[in-house]
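The chain contents come next:
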Amino acid sequence: MPQQHYLQTPISPFWSLQSNPKFTINFTSNINFSSPNCLKPRWASSISRIQPPKISGPNKSVWRRAKSSGAKNHRKLPSSHEIDGDCLESKIHGYCKAGRTKEAAGALQILEKSGAVPNVKTYTVLIRSYCNDQNIDKALQLFYRMKVAPNVVTYTTLLKGLCVSGKLDKALEVFDRMKIAPNEVTYNTLLNGLCNSGKLDKALEVFDRMKVAPDVVTYNTLLKGLCNSGKLDKALEVFDRMKIAPDVVIYNTLLKGLCDSGKMDNALEMFEGMKVAPDVVTYNRLLKGLCDSGKLDKALEVFDRMNVAPDVVTYSTLLKGLCDSGKMDKALVVFHGMKVAPNEVTYNTLLKGLCDSGKLDKALEVFHGMKVAPDVVTYNTLLKGLCDFGKLDKALEVFDGMKFAPDVVTYSTLLNGLCDSGKLDKALEGLFDSGKMDKALEVFVGMKVAPNEVTYNTLLKGLCDSGKMDEALEVFDGMKVAPDVVTYSTILKGLCDSGKMDKALEVFNRMKVAPNVVTYSTLLKGLCDSGKMGKALEVFDLMKVAPNEVTYNIMIDGLSKVGKTEQGLEFLAEMKDKGLKPDVVVNYPSLVTGLAREGNLDEAIDLLQGFTSLGITPDMITVNAIMSGLCKTRQTDRAIDLLASWSTKSQFGDVISNSNCIITAMQDTRGLTNI
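Bear in mind the structure is a predicted one, so any value in this text is a computation, not a measurement. (Residues numbered from 1 in each chain as written. Predicted model: local features only at pLDDT ≥ 70, side-chain atom pairs only at ≥ 80, totals over all residues. Heavy atoms only, no water.)

(A) Summary view of the environment of Glu89. Counting through the fold element by element, Glu89 comes out in helix H3 (residues 85–97). A C-alpha to C-alpha distance of 8.3 Å links Glu89 and Asn119, two positions 30 residues apart in sequence. Once residues within four sequence positions are removed from consideration, Glu89 is found in contact with Leu111, Pro118, Asn119 and Thr122. In this structure the side chain of Glu89 is engaged in a polar contact, spanning 2.7 Å, whose partner is the backbone nitrogen of Asn119. (Helix = DSSP H or I, 4+ residues; strand = E, 2+ residues; numbered from the N terminus. Contact = heavy atoms within 4.5 Å. Polar contact = N/O pair within 3.5 Å; in protein donor to acceptor, adjacent residues only side chain to side chain.)

Have a look at this one:
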């Protein structure tokens, strides 16, 4: 006797089979059956005593016929031949198209367990749905258990999913094991994945062993990948051996690569030799390259002889080039001659150029005449221009007139302008009341967005530069975002400049980010200026980044000022060994003066003559230090000889004529005084 199957609850989405020996038939409450053949009348009768689901459409009568059939064994289910495979496959396709991959997989499971064999298209559709859901593991599982041989579309679908998900090694494995010949689409799919992931060598290898003729998509895919990765010479080589005529897309790809790499002569040569008519993208890419390379005259020439109508990108590109080069009058002519409506990018480009060139009245005129709604970039651009040129009152007026919420850049721009203009009290109005520091920046001018580190850094710099270190520390301690290295460097500079070295060391020691060379140099300068050379040397020795010219110059100057000139010379030698350039304006005079004051006159004179040979003018303090040392050691003849030799050098003129010590030395040689 054949084994019977029984209906079993609970009901779950659509149909799901259970293993031996029962399975469950479930209904989705809102399924709209499109074909009356999905369920046969005897099938329906076997479930007549189940609470009817909500069924709409032409199958509403199926349930009514089921109730009237009166089958004695209402739990008996039909045999497998009563499942309509075509109907289920149609539903699988519909589920996948609607993005309901889970229901499609359930329907496929029923179809397979009924003994029916789904067709290859059904498997492919579900594999694609898994890939679209980024569930590539499920797609692979289904691919490997297919009951029919995959076709080229199946392979291509799976390869695309693997490439998009970044599984290039698996994609190559599937490709190499293909049991049918790949077509152009298969190759193009794999090449696109390899190029997008930067595997250009492998892409070229696949390209060279193609078993079908590459089409225009193949070439464009490979050329784009080569250009984007900087392999322009290889791209041109592939282009030169193309076996089909290139289309405008291929030309545009190569032109972009040539322009991006600055090879404008080659780009113009290719443009002039195009075998197809250029489109607006061609012109836009060429114009951008010409503008970026400063060839404005050529760009205007190309623009004037365009054979297609320029679009808004064309105008915006040309305007940017003109604005960046300061040709604002020509930019305004082009803007007012536009034959298409400008968009936000066009306006923002022109406004930036006008603001950068100080044409603020014209910028405001353009702003108020905009035919599109300004965006936050528009406001930020205009505000920065007004702040940079000190028009704070107008900036505040524009800010107050904003029709939407400013972003953090807006606040930072305005705050920076207020701080730079010295109107710090305006910027800090109401912010430093007792107990309200955690709300300080949010309260600033009604700030409705959380400040970021740029906002904090801007405010801290203003406070530190104005000497308001107590307020700066309060803001620093109340920060709601993690301070970055710029934050620490800013607060350290303020503390060092105000002589609060103990506090500076405390802040430095509890830094939560790695200090950079600017941080170290800032702290070292503070320690040197305050005479704490021992601590400065200790910090220098513990540096975890390589010191630069500024760091060494700070240490040399500090050591010279505290009489440790020999150690300063050691730093100078170490600096030169590392290929770093000393600050001849600061370090040489400091070392010469230090050596002279310590009595090392020979070294001092040699060092002075060394840096004057570089064309550097010594200052009066340096010359006086040497003259004073020679006079005190009764070497007046040598002093006069030096004066005679120095007087022939132009850079010594003013210094010698104004040196009191030199006059004293000359008087001594005449016996007028006894030094």
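(B) Summary view of the packing of helix H16 (residues 296–304) against helix H17 (residues 312–324). Running from N to C, H16 and H17 point in directions that differ by 160°, and their axes come no closer than 10 Å. Overall, the two elements H16 and H17 adopt an arrangement that is roughly antiparallel. Remark: the crossing between H16 and H17 carries left-handed chirality. Facing Leu296, Ala299, Leu300 and Phe303 of H16, the residues of H17 in contact are Thr314, Tyr315, Leu318, Gly321 and Leu322. Here the contact of H16 with H17 is composed, by residue class, of 7 nonpolar, 2 polar and no charged. (Axes fitted to C-alpha atoms, helices over the stretch in contact; angles between N-to-C directions. Parallel < 35°, antiparallel > 145°, perpendicular 65-115°, else oblique. Left-handed = near helix turned anticlockwise from the far one by under 90°. Nonpolar A, V, L, I, M, F, W, Y, C, P; charged D, E, K, R; others polar.)

(C) A look at the packing of helix H8 (residues 168–176) against helix H9 (residues 184–196). Contact geometry of H8 with H9 gives a least axis separation of 10 Å together with a crossing angle of 155°. Taken as axis vectors, H8 and H9 run roughly antiparallel relative to one another. Seen from above, H8 lies across H9 with left-handed handedness. Where H8 approaches H9, its residues Leu168, Ala171, Leu172 and Phe175 are matched on the opposing element by Thr186, Tyr187, Leu190, Gly193 and Leu194. Class assignment for the residues of the contact of H8 with H9 results in 7 nonpolar, 2 polar and no charged.

(D) Local environment of the packing of aromatic side chains. Per the counting criterion, the structure on display carries 15 aromatic pairs. Each ring, one from Phe508 and one from Tyr520, has its centre 5.7 Å from the other, and the planes form 65°; the classification is edge-to-face. One end of the pair, Phe508, is in helix H29 (residues 501–509); the other, Tyr520, is in helix H30 (residues 517–529), with 12 residues separating them in the sequence. One exposure class covers both Phe508 and Tyr520, and it is buried. Plain terms: the ring middles of Phe540 and Tyr552 are 5.7 Å apart, the flat faces sit at 65° to each other, and that makes the pair edge-to-face. Note that Phe540 is positioned in helix H31 (residues 533–541) and Tyr552 in helix H32 (residues 549–561), a separation of 12 residues in sequence. Here the aromatic cluster, defined as three or more aromatic residues joined through ring pairs, consists of Phe143, Tyr144 and Tyr155. (Phe/Tyr/Trp six-rings, centres within 6.5 Å; stacked < 30°, edge-to-face > 60°. Buried < 20%, exposed > 50% of the residue type's maximum accessible area, 1.4 Å probe, protein only.)

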